[in-house]
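# Overview (structure and organization)
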Amino acid sequence: METLLSIIFIYIFVENFVLQRFFGICPFLGVSRKMETAVGMSMAVIFVMTLATLVTWLLYTYVLVPFGLTYLQIVTFILVIASLVQLVETVLRKISPTLYQGLGIFLPLITTNCAVLAVTLLAIRQEFSLVESIVFSIAAAIGFALALIIMAGIRERLEMAEIPEVLQGSAVTLITAGILSIAFMGFQGMLTL
């Protein structure tokens, strides 16, 4: 139980995939303009990341390793992730067309979101058990969501602020992301596995 709690804390705060490892920067910067799209993307990433880790762990452990096909790991994992993204895309199109439109191109980009692939690969590399892998993926996804939602809140506030013309747009977004990353560095060294 202590290991699971450590995994949760570490991968939400200490080893945050966006702010410390810099995975998933494209959707982080692209979808964080509005809180609604940030929350929608967060939920989609949590679902895809968790389910992808579950499926890829099972495939790796019970198919790829026993049959000596570990060299197909990355291709297999990408196919699983792409299939899950298609499922999320179809469901969102039916359930929430406005959110589907709001996410735009960033929804299919979950397929190539390196954070999702990194989590599936790291779960194998860290030799986590199935339960640890699922907890790891949920924590990493929550960390991604936390970073995305905090950034969306800050960017919505910045729209109302008086910002010098030279800093408007991408400049203030990247400066804000850098400061947010530095803030999360405060968690470094608090806990290790």
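Residues numbered from 1 in each chain as written. Predicted model: local features only at pLDDT ≥ 70, side-chain atom pairs only at ≥ 80, totals over all residues. Heavy atoms only, no water.

## Regarding the overall build of the chain
Threshold: Secondary structure elements are taken from DSSP: a helix is a run of H or I of four residues or more, a strand is a run of E of two residues or more, and numbering for both begins at the N terminus. With C-alpha atoms as the basis for the radius of gyration, the globule rule is written as 2.2 Å multiplied by the number of residues raised to the power 0.38. Between buried and exposed lies partly exposed: a residue is buried under 20% and exposed over 50% of the maximum accessible area for its type, with that area taken using a 1.4 Å probe on protein chains only. The contact criterion used is simple: two residues touch if any of their non-hydrogen atoms lie within 4.5 Å. To be clear on the numbers: accessible area is Shrake-Rupley with a 1.4 Å probe, and residue cover counts the displayed protein chains and nothing else.
Helix and strand counts for the chain come out as 8 helices and 0 strands. Traced from its N-terminal end to its C-terminal end, the chain shows the element sequence α-α-α-α-α-α-α-α. Taken over the C-alpha trace, the chain has a radius of gyration of 17 Å; the compact-globule value for 193 residues is 16 Å, and the two agree within 12%. Structurally, the chain occupies a C-alpha span of about 60 × 45 × 25 Å along its principal axes. With 193 residues in all, the chain has 44% of them scored as buried. Relative to all contacts within the chain whose residues are 6 or more apart in sequence, the contacts with residues 24 or more apart total 79%. Looking at the chain as shown, the accessible area adds up to about 10000 Å², and 69% of this sits on carbon and sulfur atoms.

## Side note on the nonpolar core
This is how the line gets drawn: We call a set of buried residues a nonpolar core when its members are Ala, Val, Leu, Ile, Met, Phe, Trp, Tyr or Cys and they connect through side-chain atoms within 4.5 Å of each other.
The biggest cluster of nonpolar side chains holds 55 residues, and the ones touching the most others in it are Phe28, Ile110 and Phe136. Those elements that place two or more of their residues in this core are α1 (2-14), α2 (25-31), α3 (35-64), α4 (73-95), α5 (97-103), α6 (114-125), α7 (130-158) and α8 (170-184). With sequence-adjacent residues up to four places away left out, Ile110 is seen in contact with Met41, Ala44, Val45, Val48, Ile81, Val85 and Val116.

## What about unusual backbone geometry?
A positive phi angle is found at Phe22, which is not glycine, with a value near 60°. Looking at the secondary structure, you find Phe22 in the loop between α1 and α2. Located in the positive-phi region is Glu127, a residue other than glycine, with phi close to 55°. With respect to the secondary-structure elements, Glu127 resides in the loop between α6 and α7. Residue Glu127 is classed as exposed on the basis of its relative accessible area, which comes to 70%.

## Some words on the confidence of the model for the chain
Formally: The quantity known as pLDDT measures the predictor's confidence residue by residue, on a range of 0 to 100.
Of all residues in the chain, 97% have pLDDT values of 70 or greater, and the mean over the chain is 89. By mean pLDDT, α5 is the weakest element of the chain at 80, and α7 is the strongest at 95.

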